[in-house]
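# Observations on the model geometry
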Amino acid sequence: MESPIEKAVVLIVDDSATMRTLTSHVVERLGYKPLSVSNGDEAIGQVTAGRCDALLLDISMPGKSGMEVLRYIVENDYRLPVIMISGSGDIDQAVQCIKLGAYEYLTKPIDNSRLEITLKNALSESMLKQRVRLLTTAMEQSPVSVAITDIKGRIEYINPAFSRISGYSMDEVIGKKINILKSGEHSDAFYKNLWETVSRGEVWQGEFLNKKKNGELLWEQAVISPIKNNKHDISHFLALKEDITEKKKSREALAESEQRFRELSDLLPQPVFEANRDGYVTYFNRAGYSVFGYKQSDLRNGLDAMFMYVPGERAKVRKNMKGRLDGKRVENHEYIAQRKNGTTFPALVYYAPILKKDDFEGLRGIVLDITRRKQAEKTLLDNQKKYRNLFHAIPDPVIVADADTGAIVQWNRRALPFFGYKSVELSSMMVASLYPENIRDKPPAFFRKQGRKKRGSVETKILTKNGFLVDVAVSSAFFETAGQKRVLGIFRDISEQKKSEQLIRENIRLKNDFIANVSHELRSPLFSILGFTSTLLRDRDELDHETIGEFLGIIHEESRRLSSLIEDVLTISRIDSGKIAYKKNSIDPATIIDSACKSLKIRAEEKHVELFLDLYESDLLIYADPDALKQVAVNIIGNAIKFTPEGGKVSVTLSRNHDTMKLEVDDNGPGIPEKDIEKIFEKFYRVERPGEEIEGTGLGLPIVKEIILAHNGSVDVKSRNGFGSTFIVRFPLYRS
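Residues numbered from 1 in each chain as written. Predicted model: local features only at pLDDT ≥ 70, side-chain atom pairs only at ≥ 80, totals over all residues. Heavy atoms only, no water.

## Side note on the overall build of the protein chain
Looking only at helices and strands, the protein chain features 23 helices and 27 strands. The globule rule puts the C-alpha radius of gyration for 736 residues at 27 Å, and the 41 Å found for the protein chain is more than 25% above it. Buried residues in the protein chain amount to 38% of all 736 residues. The long-range share in the protein chain, meaning contacts at least 24 apart out of those at least 6 apart in sequence, stands at 52%. Averaging the coordinates of the 108 positive side-chain charges in the protein chain and doing the same for the 104 negative ones gives two points 10 Å apart. (Helix = DSSP H or I, 4+ residues; strand = E, 2+ residues; numbered from the N terminus. Rg over C-alpha atoms; globule rule 2.2 N^0.38 Å. Buried < 20%, exposed > 50% of the residue type's maximum accessible area, 1.4 Å probe, protein only. Contact = heavy atoms within 4.5 Å. Lys, Arg positive; Asp, Glu negative; His and termini not counted. Charge placed at Lys NZ, Arg CZ, Asp CG, Glu CD.)

## Some details on the pattern of salt bridges
Pairing between side chains becomes possible if they bear opposite charge and their charged atoms approach one another. Within the structure shown, the criterion is met by 33 salt bridges. For Asp 77, the salt bridge is made with Arg 79, and the minimal N-O distance between the two is 3.0 Å. Look at Asp 77 and you get partly exposed, because its relative accessible area is 45%. Under the relative-accessibility criterion, Arg 79 is labelled partly exposed at 42%. (Salt bridge = Lys/Arg side-chain N within 4 Å of Asp/Glu carboxyl O.)

## Overview of the nonpolar core
Formed by 43 residues in total, the largest nonpolar core has its most connected members in Ile 622, Ile 637, Met 661, Leu 663, Ile 680, Phe 727 and Phe 731. Listing elements by their share of this core, those giving two or more residues are α20 (589-606), β23 (622-624), α21 (626-643), β24 (649-657), β25 (660-667), α23 (700-710), β26 (714-719) and β27 (725-732). The biggest single contributor to this core is α21, with eight residues. With near-sequence residues (within four places) excluded, Leu 663 lies in contact with Ile 593, Val 652, Thr 653, Leu 654, Phe 727, Ile 728 and Val 729. (Core = buried A, V, L, I, M, F, W, Y, C linked by side-chain atoms within 4.5 Å.)

## Concerning the sheet that holds strand β2 (residues 33-37)
The parallel open sheet is built from five strands, whose spatial order is β2-β1-β3-β4-β5. Across the chains shown, the open sheet's two edge strands, defined by having one partner strand only, are β2 and β5 (104-107). Mean inter-strand twist for the sheet, computed between neighbouring axes without regard to direction, equals 20°. Pairing of strand β1 (residues 9-13) with strand β3 (residues 54-58) involves four bridges; the strand directions are parallel. If you follow Val 13 over to β3, its bridge partner there is Leu 57. Across the sheet, helix α1 (residues 17-29) lies against β1, β2 and β3, angled at about 165° from β2, the strand it touches most. Lying over the sheet, helix α4 (residues 91-100) contacts β4 (82-86) and β5, oriented at roughly 150° with respect to β5. (Pairing = 2+ DSSP bridges. Axes fitted to C-alpha atoms, helices over the stretch in contact; angles between N-to-C directions.)

## Concerning the packing of α21 against α23
Contact pair α21 / α23: the axes reach a minimum separation of 10 Å and the direction vectors enclose 145°. Here α21 and α23 pass one another in a crossing that is left-handed. Along its contact with α21, which presents Ala 628, Gln 631, Val 632, Asn 635, Ile 636 and Asn 639, the element α23 presents Gly 700, Leu 701, Ile 703, Val 704, Ile 707 and Ile 708. Tallied by class, the residues present in the contact of α21 with α23 amount to eight nonpolar, four polar and no charged. (Left-handed = near helix turned anticlockwise from the far one by under 90°. Nonpolar A, V, L, I, M, F, W, Y, C, P; charged D, E, K, R; others polar.)

## Some words on the side chain of Glu 220
Its location among the elements puts Glu 220 in strand β9 (residues 217-228). On the basis of relative accessible area, Glu 220 is assigned to the buried category, the value being 3%. Engagement of the side chain of Glu 220 in a polar contact is seen with the side chain of Lys 241, the distance being 3.3 Å. When sequence neighbours within four positions are dropped, the list of residues in contact with Glu 220 reads Ser 145, Ile 165, Gly 206, Glu 207, Phe 208, Asn 210, Lys 241, Glu 242, Asp 243 and Ile 244. (Polar contact = N/O pair within 3.5 Å; in protein donor to acceptor, adjacent residues only side chain to side chain.)

## Considering helix α2 (residues 40-48)
For α2, the set of buried residues is Gly 40, Ala 43, Ile 44, Gln 46 and Val 47. Each buried residue of α2 sits inside an arc of 160° when the element is viewed along its axis, so together they form one side. Buried-residue contacts for α2 involve β1, β2, β3 and α3 (66-75). Capping the start of α2 is the job of one residue whose side-chain oxygen sits 3.1 Å from the backbone nitrogen of Asp 41: Asn 39. Immediately downstream of α2, the backbone of Gly 50 shows phi near 75°, a positive value. (Arc of directions from axis to C-beta.)

## Brief notes about α23
Those residues of α23 that sit buried are Gly 700, Leu 701, Pro 702, Ile 703, Val 704, Ile 707 and Ile 708. The positive-phi residue at the C-terminal boundary of α23 is Asn 712, with phi of around 60°.

## Looking at unusual backbone geometry
Residue Pro 109 is bonded to the preceding Lys 108 through a cis peptide linkage, with omega at -5°. You will see that His 658, though not glycine, has its phi angle at about 60°, which is positive. Mapped onto the elements of the fold, His 658 is located in the loop between β24 and β25. In the Ramachandran plot, Asn 712 falls in the positive-phi region, its phi being about 60° despite a non-glycine side chain. On the secondary structure map, Asn 712 appears in the loop between α23 and β26. Taking the relative accessible area as the measure of exposure, Asn 712 reaches 63% and is therefore exposed.

## Quick word on the pairing of strand β13 (residues 334-338)
Summarising the sheet, β13 and strand β14 (residues 344-356) pair through five bridges and their orientation is antiparallel. Paired with Ala 337 across the two strands is Phe 345, which belongs to β14. Taking the residues between adjacent antiparallel strands as the criterion, β13 and β14 are bridged by five residues, where Gly 342 takes a positive phi near 95°.

## Here's the deal with the sheet that holds strand β11 (residues 272-276)
An order of β12-β11-β15-β14-β13 is seen for the five strands of this open sheet, with the pairing classed as antiparallel. The sheet is open, and its two edges are formed by β12 (281-284) and β13, each paired on a single side. Ignoring which end each strand starts from, the neighbouring axes of this sheet average 35° apart. Across the face of the sheet, helix α12 (residues 314-325) comes into contact with β13, β14 and β15 (359-369) while running at roughly 30° to β14.

## Observations regarding the confidence of the model for the protein chain
Per-residue confidence for the protein chain averages 85 on the pLDDT scale, and 91% of its residues sit at or above 70. Per-element mean pLDDT across the protein chain ranges from 57 in helix α17 (residues 442-453) up to 94 in β27. (pLDDT = per-residue confidence, 0-100.)

## Some thoughts on the environment of Arg 71
The residue Arg 71 is located in helix α3 in this model. Arg 71 gets classed as partly exposed once you look at its relative accessible area, which sits at 32%. Each C-alpha atom of the pair Arg 71 and Cys 97 lies 9.3 Å from the other, and the pair is 26 residues apart in sequence.

## Some points on the environment of Ile 366
Looking at the secondary structure, you find Ile 366 in strand β15. In this structure Ile 366 comes out as partly exposed when scored by relative accessible area, which is 24%. When the C-alpha atoms of Ile 366 and Arg 413 are compared, they prove to be 34 Å apart, with 47 residues separating the residues in sequence. Not counting the four nearest positions on each side in its chain, Ile 366 is found in contact with Leu 268, Gln 270, Pro 271, Val 272, Phe 273, Leu 348, Val 349 and Tyr 350.

## Details of the state of the cysteines
The tally for this structure, following the rule as stated, stands at zero disulfides. Here Cys 52 is not cross-linked by a disulfide; its sulfur's nearest cysteine counterpart is in Cys 97, at 18 Å. (Disulfide = S-S within 2.5 Å.)

Structure follows, in structure tokens:
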């Protein structure tokens, strides 16, 4: 591809046809495009038309002279390099040309080498000046605030937008530190992080709450990047800032409005939903999720609003929606709604279009469950048998007791297997008998209280006939029938919910332990690095070469340890967020395993641990990411070396097992207690050994397992406490 200079057009202006021809040949041989004219008027025409990038201009011509053409070009600010050519070596004439604005003055006959150098320099300087003018114009006209500081933060340049936004003129800020804009709203740690980032040569992006000259606060979106000189040293910092105060206020107002809508919506007992113009549900309130049984993930994956209705109702729904959008009145809003689990319920659905600037964006609706109304209507038409069928169809166990005595008078089918009693047994029991002995005095009092409150709920435990304690949420309702007071209790098994709550508490504990451990792991190398670097800086003239080398080695090792810890944290974060991508290819695992072992050889030698390799000799290919496979190998083999005592042995064997690659890592270390084997692949989990400091963050093996599962492989562990461990990794073989 031609460079801009090679594409340059050189205008040759000479009244001599011979000179034009000779000069054109030379210009073309130098790689430029020659364009020739015979007089000054034609030259001015070509310049005005913008057809040239440089001029070779003869001074002495009939009509307009070269000096007149040069004066015209300079006075009209065409900014083209003009090389004056003369048959005489008149020094005064040369000086006059240069003063007038010529780039160079050459005499005939023209030396080709000098002409080549002069043209190249002239075009290069012209292009550079054009770029500088373009950049300067862009900076001056940019609506974005621009500031350039030295490495100490002293301002050396601002554009007009900076002055317009901040209220400071250029004279007021040049030489001042950029912190004159500080509002005092950000912490010292915020600014420390910013300066550390750009000082490392990295780009910082974020939002500032700054202060104008008049004291008014403003929010700015900023990008700050380092500027490096020819030696690749940071010489300046460039800040590009946009005033986002109004945007932020608008976003906050919109967020506040949306939050109010969400909060009010969640207070409603009826489902509220929104659907976009494509007919997909984008929002449910709390009741919507509860009633229809969907989760947020269902909405993210795409939930057609028609799935809220049974198939037979969908044509009617579409017709009514279209009529509503056309401004017609819809008479019948009653439909049969359908939950995610396939169950249905009668509902009244009212909806209205969502309009943004008169453009249709979707629909917003509210669903009124009219099941009770329908049940009441059905009760008037159906007999007691249908009532019993409905009663027995309730999916949760239901007990009806006398409100005064607590005697059980009715139950549904689900209550029998749930409590473990037969009908004849329940008929002679008191409701208190369903509870453990230590709380049996509470149910009667609860029911009497409910008799006054009409309805309520409580979490408690019940005791089945088989002696099992079950966590339940009891929803109760008081009613009267045939002059008798009754309390109906619906028992919902919340055992799994309790387990989930316990699991959440355990996860919080593990996370807190992890944070504390990571903080400790980060502080240790950082304090070590800080201590040794401080010593080197303070006592470098007093320390011998060997001690300095030892200190630098420690700093390097602590830095490597810190980098490894950060990489583990980032890797597990990418895995959890689903943002990790593997670059899979057909690879020879033996090469990767061998490379991993070589990288661990020094660690093994330092502990006097024998590292034995047995790699499969025949061709063995798997479809995997080589870096990920090496990470698996380094982690597992590294753990084996770490936990193997001095003088021990770690064996690494790679073999084919039917249609899988089998990597086996065996050590004779302390082994893993049986109670810990199932947990070592859980995030943040570490094996506790009495009297020993717990090493690591508990992230290595979870990362290993995630990598292996992402490659359709498996990992197994065999271990006996005190007799070593064996890790077996399997990957499917590659099939072309």
